[in-house]
Amino acid sequence: QVQMVESGGGLVQTGGSLRLSCAASGLTFSTYAMGWFRQAPGKERELVATISGGGFVKDYADSVKGRFTISRNNAKSTMLLQMNSLKPEDTAVYYCAARSIGTTKYDYWGQGTQVAVSS
């Protein structure tokens, strides 16, 4: 049974930092590309960042480029999202997700962790 568990969310002031973690189990982690998504109240879910199975290819939404960094540790089946220079518009529930390499659909999702940035 695949499980994806996010942690690290919280309340932070504008300009602050948070680091989100995603722990995966029940899958061969290195064979999955991973992504961080977020959804703010009343808005559609947004892809924030992605990372390839080997961790060498990373991509970011324009809104977070230069502020967020995605990384993974395949030996530990974990993924991180380091978020710096946070803005109120970063407030959302953040989800990690896994996609089989070579496919476009994310198969597995975590339950989400809340990030709130106060102005």
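Higher on the page you've got the structure.
Remember, it's a predicted structure, so these values are computed and weren't measured experimentally. (Residues numbered from 1 in each chain as written. Predicted model: local features only at pLDDT ≥ 70, side-chain atom pairs only at ≥ 80, totals over all residues. Heavy atoms only, no water.)

J.: Help me out: how do you make sense of the pairing of strand β3 (residues 18–25) in this one?
T.: Consecutive residues of a regular strand have side chains that alternate between opposite faces of the sheet. Here β3 shows a clear split, with Leu-18, Leu-20, Cys-22 and Ala-24 buried on one side and none of Arg-19, Ser-21, Ala-23 and Ser-25 buried on the other. As judged from the six bridges shared by β3 and strand β8 (residues 78–83), these two strands associate in the antiparallel manner. Bridging from a neighbouring strand, Leu-20 pairs with Leu-81 of β8. (Buried < 20%, exposed > 50% of the residue type's maximum accessible area, 1.4 Å probe, protein only. Helix = DSSP H or I, 4+ residues; strand = E, 2+ residues; numbered from the N terminus. Pairing = 2+ DSSP bridges.)

J.: Where do I start with the nonpolar core in this structure?
T.: Nonpolar side chains tend to gather and get buried jointly when the protein is soluble and globular. Judged by nonpolar contacts, the single largest core of 30 residues is most densely connected at Met-34, Trp-36, Met-79, Leu-81, Met-83 and Tyr-94. Those elements that place two or more of their residues in this core are β3, β4 (32–39), β5 (46–51), β7 (68–73), β8, β9 (92–100) and β11 (113–118). The contact partners of Met-83, leaving out residues within four places of it in the chain, are Gly-16, Ser-17, Leu-18, Leu-20, Arg-67, Phe-68, Tyr-94 and Val-115. (Core = buried A, V, L, I, M, F, W, Y, C linked by side-chain atoms within 4.5 Å. Contact = heavy atoms within 4.5 Å.)

J.: Help me understand the environment of Asp-62 in this model?
T.: Mapped onto the fold, Asp-62 is located in the loop between β6 (58–60) and β7. With 28 residues separating them in the primary sequence, Asp-62 and Asp-90 have C-alpha atoms 13 Å apart. For Asp-62, the side chain forms a polar contact with the side chain of Lys-65, separated by 3.2 Å. (Polar contact = N/O pair within 3.5 Å; in protein donor to acceptor, adjacent residues only side chain to side chain.)

J.: Explain the side chain of Asp-90 here, please?
T.: Within the secondary structure, Asp-90 is located in the loop between β8 and β9. There is a polar contact of 2.9 Å between the side chain of Asp-90 and the side chain of Arg-38. A polar side-chain atom of Asp-90 sits 2.7 Å from a polar atom in the side chain of Arg-67. Residue contacts for Asp-90: discarding those within four places in its chain leaves Arg-38, Arg-67, Phe-68, Ser-85, Val-115 and Val-117.

J.: Can you help me understand the sheet that holds β7 in this one?
T.: Backbone-to-backbone hydrogen bonds join strands into a sheet, with any given pair of strands oriented parallel or antiparallel. If you trace the four strands from one edge of the open sheet to the other, you get β1-β3-β8-β7, paired in antiparallel fashion. Each having just a single partner strand, β1 (3–7) and β7 make up the two edges of the open sheet. Direction aside, the axes of adjacent strands within the sheet are offset by 15° on average. (Axes fitted to C-alpha atoms, helices over the stretch in contact; angles between N-to-C directions.)

J.: Looking at this structure, I do not really get the pairing of β1. What am I missing?
T.: Residues Met-4 and Glu-6 line the buried face of β1, whereas the alternating positions Gln-3, Val-5 and Ser-7 sit on a face that is not buried. Bridge count for β1 against β3 is five bridges, and the pairing is antiparallel. Note that in β3 the partner of Met-4 across the bridge is Ala-24.

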